[in-house]
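Survey of secondary and tertiary structure
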Amino acid sequence: MDEVGILSFGAYAPRKRLSRTAIYEANKWFASGLKGLAKGERAIGDWDEDSITMAVEAGRDALRGFDRSAIGSLSLASTTLPFADRLNSGIVKEALNLPDAVAASDAAGSQRAGLASLVQALQAAPQKSAPHLCLAADMRRTRVASELELLCGDAAAGVLVGRGKVVARVLGSFSITTDFLDHYRSARMEFDYGYEPRWVRDEGYLGIGGRTLSEGLVAMGVKAASINRLIVAIAVRGVAEALAKKAGIAAEAVADTLQLKIGEAGAAHPLLMLVAALEAAKPGDKILVLAFGQGAELLLLEVTDAIGSLPARNGVVGSLNGGFSDKNYMRWLAHRKLLDLETGMRAELDQKQPSTTLWRHRKGVLGLVGGRCTKTGTVQFPKSDISVNPNERALGTQEEYPLAEIPARIVSFTADSLTYSLAPPCYYGMIDFQGGGRMTAEFADIFDGETVEVGDAMRMVFRIKAVDEARGLPKYFWKAAPAR
Amino acid sequence: MARGIKDKVAILGMGCSRFGERWDMDADNLMVEAFDEAMADAGLDVTQIDAAWLGVGFDAQNIGPSGLPLSIALRLPNIGVTKVENYCASGTESFRGAVYAVASGAADIALAMGVEKLKDTGYGGLPVRSRGTTYDMLGVTGSAPGNFAQIASAYGAAYGIDKGDLKRAMAHVSVKSHANGAKNPKAHLRKPVDMDTVLNAPMIAEPLGLFDCCGVSDGAACAIVTTPDIARGLGKRDLVTVKALQIAASNGYELQYAGGWNGSSFLPTRIAAKRAYAEAGVDRPRQQISLTEVHDCFSITELVTMEDLSLSDNGQAWRDILNGDFDADGRTPCQIDGGLKCFGHPIGASGLRMLYENYLQLLGRAGPRQRSTPPSLALSHNLGGMPSQNVSSIAIVGLSNA
């Protein structure tokens, strides 16, 4: 059956999970009142991750089994986009190696931007001839000893929307927009400013959120009792349960907010929770998603029979399983530049990125697209005029060959404590790709005490390679991470 | 068909500054120090020099571009000065220019200088710098220790060598070089060191520890070359001539061809060595090569270079090293002057400093370091770049009747 709806989904939470107790212990001299929030772990991106890199990982996950050349458009929603003016979703498009003839847009401005962009994508889908990839990611910047520091988590999610064998169809959507200043971050500010949590809960989450639920259910013509899963992407304890009770939705339907293992991932959180719900859903389940932010967004979905037919993915389950327990709060603060670390003279290397060379090499740099000689089949990175094959150095015979999804193995490596790195020792080495192709790459996601050996299986991940601090430019490239 | 360089060029004189942290010297002062010694050794006037070559690895960090700094520092008589750079092989590259100029007949007497002043960077080790606009986007900004340390993992895996054995073999290389450097008044580092200290030293780039890595030094070295006929005409009796001078460069095979190079050797060194031995008429290197000065930027580099030079069988160098084969009193002494490790590594000068020690040894002028058995053929191996992409240059010098 060919209808319009959700075709696929994916998610990504960074490996590191920072103990909330570690955060609290460091700050309790000043903020002892935060003890109640100091439970579980929160996902934290490594120094080389941001909302773009996380979105790429979620996008790769959502596109498993799909022909990337058939994607028609993509969007990236976030309140922590690295660029205010440089198409962030455009960088994601290059990393995913999508065709040039795609539409791309960024959605920002509110915690509801992720769900709103999904609702809009679903509403637009009947008019589109190709699927749309809806991504959301957030790495919220929080002050030391704030509540938000404990509540948040870094993560990304992706939903592929379009016509085909959908795993969930849309039953309805509803929006309320009101300028409710529970918190804000203006362009003049580095951190959020929030108002009294009691007022935010009463007038905001329960008031506006409750109104959205009740009016929305009526507008959509749906009975509260029919809802199998209620997703309320609000981390504050008890809010989701209270909303469910008020609306007449069963208590068992309230979805886990993932607070204890990941944390509230900003604009990505409604989609992250939706992915978790879809992973566990049965055909016929009705999933209601509520996102709050200057009003609220509501989306009602019905899971189809096709839900079990998608290829395996990382999703939320994989993200939860892959965690690395971390107690090093200071390191995280240094990574987020909340601590002025003495980085030494080796860090003074000028990281200027000429736009011209990046343009010429954008497919190789952002997409990890190499070359494959059509005469000999030799694969190489980067693509070159003359093939590296020692027996056949043919000229101009290479076609583009994407390497990002191809598994690799370590040929040689080191752990370098001398080179400047924000995650010392810096692991790097030579890797060979299955079927051909070889490069020297930096390794990622190897944490305290973990090691690698020659022969280990690796997978490529999209990360920040270096930051041109002088000119404010993160430079992206691919690294090899242990395939776990 | 090229007929080779053997016995076409003789070394008229050599000079080498003291290597080390020469806080009170510029690159210019260092070049003058080496040049003065070479000129006295050669017995020449500066007006007799027809052409000059200058090798510097990091000119942006010290002497600046072009060959002009050499011409100005030495007040050369408006002769041609060619600036060359091939990473750490720049010294031998400089020598090559001068030697070929003489061999071609374009110059009667030519000067090859190498210099580096690295102690103005403000930190230890090689200065961090761009490797080009494309490389900076696609390559790893590692450190030299990190780039070379990778050989250890590959070599160990290729031959199934216990990590402890490999670490000990690497340590022996450094202990041996320190013992040799202690006998060298011009060396940067002159203190012997023991195995325990080396094995327990802080890790720099796994598995290389502090003592597995050479530091960087300030220094200059130079050679003055001419034809054997002109040398004899100037009164020289015992002539050291160039027997072979070969250079090979990676072409991307190691770096980009999957399933090809396994990371445990330097392909250009093997190629250059084969060519150099043929050029010099050497078919039994273990018997015929009396001394080697190899590019011991890192202990693991020296280790695998023994195999690359056919002085050890593949996978066996670690055993031969632990056996003492390359110690000062071994079958083929390596770094009898302390090497890059202890004599020091001013990048542009190193290739010429290797030739300097070989030259002194051949003429019996190495004092406390003099090899007990009089040497006849001495090899220097000078490498620039990193294991996956490098330039390897090999020079063999010997007495003219060897």
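Residues numbered from 1 in each chain as written. Chains lettered and ligands numbered in written order. Predicted model: local features only at pLDDT ≥ 70, side-chain atom pairs only at ≥ 80, totals over all residues.

Regarding the overall build of chain A
What counts is decided by this rule: Helix numbers and strand numbers start at the N terminus; a helix is a DSSP run of H or I with at least 4 residues, a strand a run of E with at least 2. Only the C-alpha atoms count toward the radius of gyration. The rule for a globule is 2.2 Å times the residue count to the power 0.38. Buried means a residue has 20 or more other C-beta atoms within 10 Å of its own C-beta, exposed means 12 or fewer, and partly exposed covers the counts in between; C-beta atoms are placed from the backbone. It is the C-beta atoms, placed from the backbone, that decide contacts: two residues are in contact if theirs lie within 7 Å.
Across its full length, chain A carries 12 helices and 22 strands. Scaling as 2.2 N^0.38, a compact globule of 484 residues should have a C-alpha radius of gyration of about 23 Å, and chain A matches this with 23 Å. When the backbone C-alpha atoms are referred to their principal axes, chain A occupies close to 75 × 60 × 40 Å. Within chain A, the fraction of its 484 residues that count as buried is 50%. In chain A, 73% of the contacts between residues at least 6 apart in sequence involve partners at least 24 apart.

Brief notes about unusual backbone geometry
Here Pro424(A) and Pro425(A) are connected by a cis peptide whose omega angle stands at -5 degrees. With respect to the element layout, Pro425(A) can be found in the loop between β18 (408-416) and β19 (426-433). The step from Glu206(B) to Pro207(B) runs through a cis peptide bond, and the omega angle for that step is 0 degrees. We note that Gln294(A) has phi near 50 degrees; this positive angle belongs to a residue other than glycine. If you trace the backbone, Gln294(A) turns up in the loop between β12 (286-292) and β13 (295-303).

Overview of the environment of Ile6(A)
Here Ile6(A) is to be found in strand β1 (residues 3-12). Note: C-alpha distance between Ile6(A) and Thr304(A) (298 residues apart in sequence) is 9.8 Å.

Some thoughts on the pairing of strand β11 (residues 389-399) of chain B
Residue and element names in this part refer to chain B. Threshold: A pair of strands is treated as paired once DSSP finds two or more bridges between them.
β11 sits mainly inside the fold: 10 of its 11 residues count as buried. In this structure, strand β8 (residues 240-249) lies alongside β11, joined through nine bridges in antiparallel fashion. Directly across from valine 242, in β11, lies its bridge partner valine 397. When strand β10 (residues 377-386) meets β11, the two strands line up antiparallel, connected through 10 bridges. Directly across from histidine 381, in β11, lies its bridge partner isoleucine 394. Linking β10 back to β11 in an antiparallel pair, the connection comprises two residues.

Considering the interface of chain B and chain A
How we decide: The classification used treats Ala, Val, Leu, Ile, Met, Phe, Trp, Tyr, Cys and Pro as nonpolar, Asp, Glu, Lys and Arg as charged, and all other residues, Gly among them, as polar.
With 34 residues of chain B at the contact, the number on the chain A side is 39 residues. Those elements that place two or more of their residues in the side of chain B that touches chain A are α4 (133-138), α5 (144-159), β5 (203-205) and α9 (253-256) of chain B. Per-element accounting of the side of chain B that touches chain A gives the leading share, eight residues, to α5(B). When grouped by side-chain class, the residues that make up the side of chain B that touches chain A number 16 nonpolar, 17 polar and one charged.

Observations regarding the sheet that holds strand β3 (residues 41-43) of chain A
Residue and element names in this part refer to chain A. To keep things clear, this is the line we draw: All axes are obtained by fitting lines to C-alpha atoms, using only the stretch in contact for helices, and the reported angles, taken between N-to-C directions, cover 0 to 180 degrees.
Read from one edge to the other, the open sheet built from three strands follows the order β3-β2-β14, with strand pairing classed as mixed. Taken across any chain shown, the strands that pair with only one partner, and hence form the sheet edges, are β3 and β14 (324-326). Across this sheet, the average inter-strand angle for adjacent strands is 35 degrees, counted without regard to direction. Pairing geometry for strand β2 (residues 16-19) and β14, over three bridges, is parallel. Bridge pairing links lysine 16 to phenylalanine 324 in β14. Relative to β2, helix α1 (residues 20-27) is tilted by about 45 degrees, and along the sheet it contacts β2 and β3.

Overview of the pairing of strand β6 (residues 132-138) of chain A
All names here are of chain A. Within β6, seven of the seven residues are buried, which leaves the element mostly enclosed by the surrounding structure. Alternating positions in β6 separate into two faces, His132, Cys134, Ala136 and Asp138 on one and Leu133, Leu135 and Ala137 on the other, with burial throughout. By the bridge criterion, five bridges tie strand β4 (residues 73-77) to β6 in an arrangement that is parallel. Bridge assignment links leucine 76 to a residue of β6, and that residue is leucine 135. Two elements, β6 and strand β7 (residues 155-164), share seven bridges in a ladder whose sense is antiparallel. Opposite leucine 133, over in β7, you have leucine 160 as the bridge partner.

A look at the confidence of the model for chain B
Formally: On a scale of 0 to 100, pLDDT captures the predictor's confidence in every residue.
Per-residue confidence for chain B averages 97 on the pLDDT scale, and 100% of its residues sit at or above 70. The ipTM assigned to the predicted complex is 0.95, against a pTM of 0.96.

A closer look at the domain arrangement of chain B
All names here are of chain B. What counts here: What marks off one domain from the next here is an automatic or database domain assignment.
Structurally, chain B comprises domain 1 (10-120 + 218-233) and domain 2 (143-212 + 240-397). Distance between the C-alpha centres of domain 1 and domain 2: 24 Å. At the junction of the two partners, domain 1 supplies 35 residues and domain 2 supplies 31 residues. When contributions to the side of domain 1 that touches domain 2 are tallied by element, the ones reaching two or more residues are β1 (10-16), α3 (90-104), β4 (109-116) and β7 (219-226). Of the residues in the side of domain 1 that touches domain 2, the class split is 20 nonpolar, 10 polar and five charged.

Looking at the sheet that holds strand β2 (residues 51-55) of chain B
All names here are of chain B. Taken in spatial order, the nine strands of this open sheet run β3-β2-β4-β7-β1-β8-β11-β10-β9, and their pairing is mixed. Looking at which strands have only one partner, the edges of the open sheet turn out to be β3 (80-84) and β9 (291-293). Averaged over neighbouring strand pairs, the angle between their axes works out to 25 degrees when direction is ignored. Across five bridges, β2 lies against β4 in parallel orientation. Opposite glycine 55, over in β4, you have glycine 114 as the bridge partner. Here helix α1 (residues 27-42) sits on the sheet in contact with β1, β4 and β7, set at roughly 140 degrees to β1. The sheet strands contacting α3 are β2, β3, β4, β7, β8, β10 and β11, and the helix crosses β4 at an angle near 170 degrees.

Topic: α3(B)
Residue and element names in this part refer to chain B. What counts is decided by this rule: To estimate how far a helix should reach, multiply one less than its number of residues by 1.5 Å.
Its 15 residues place the ends of α3 21 Å apart at the C-alpha level, agreeing with the 21 Å of an ideal helix rising 1.5 Å per residue. Counting buried residues along α3, 12 of its 15 residues qualify, which places the element largely inside the surrounding structure. Those residues of α3 not exposed but buried are Ser90, Gly91, Thr92, Glu93, Ser94, Phe95, Arg96, Gly97, Ala98, Val99, Ala101 and Val102. Where α3 terminates, the next one or two residues include glycine 105, which has phi positive at roughly 90 degrees.

Quick notes on the packing of helix α6 (residues 163-181) of chain B against helix α12 (residues 299-308) of chain B
All names here are of chain B. Stated formally: Between 65 and 115 degrees an angle is taken as roughly perpendicular, under 35 as roughly parallel, over 145 as roughly antiparallel, and anywhere else as oblique.
As a packed pair, α6 and α12 sit with axes 9 Å apart at the nearest point and diverge in direction by 100 degrees. Between α6 and α12, the interaxial angle falls into the category roughly perpendicular. Across the interface between the two elements, Ala169, Met170, Val173 and Ser174 of α6 pack against Ser299, Ile300, Glu302 and Leu303 of α12. When grouped by side-chain class, the residues that make up the contact of α6 with α12 number five nonpolar, two polar and one charged.

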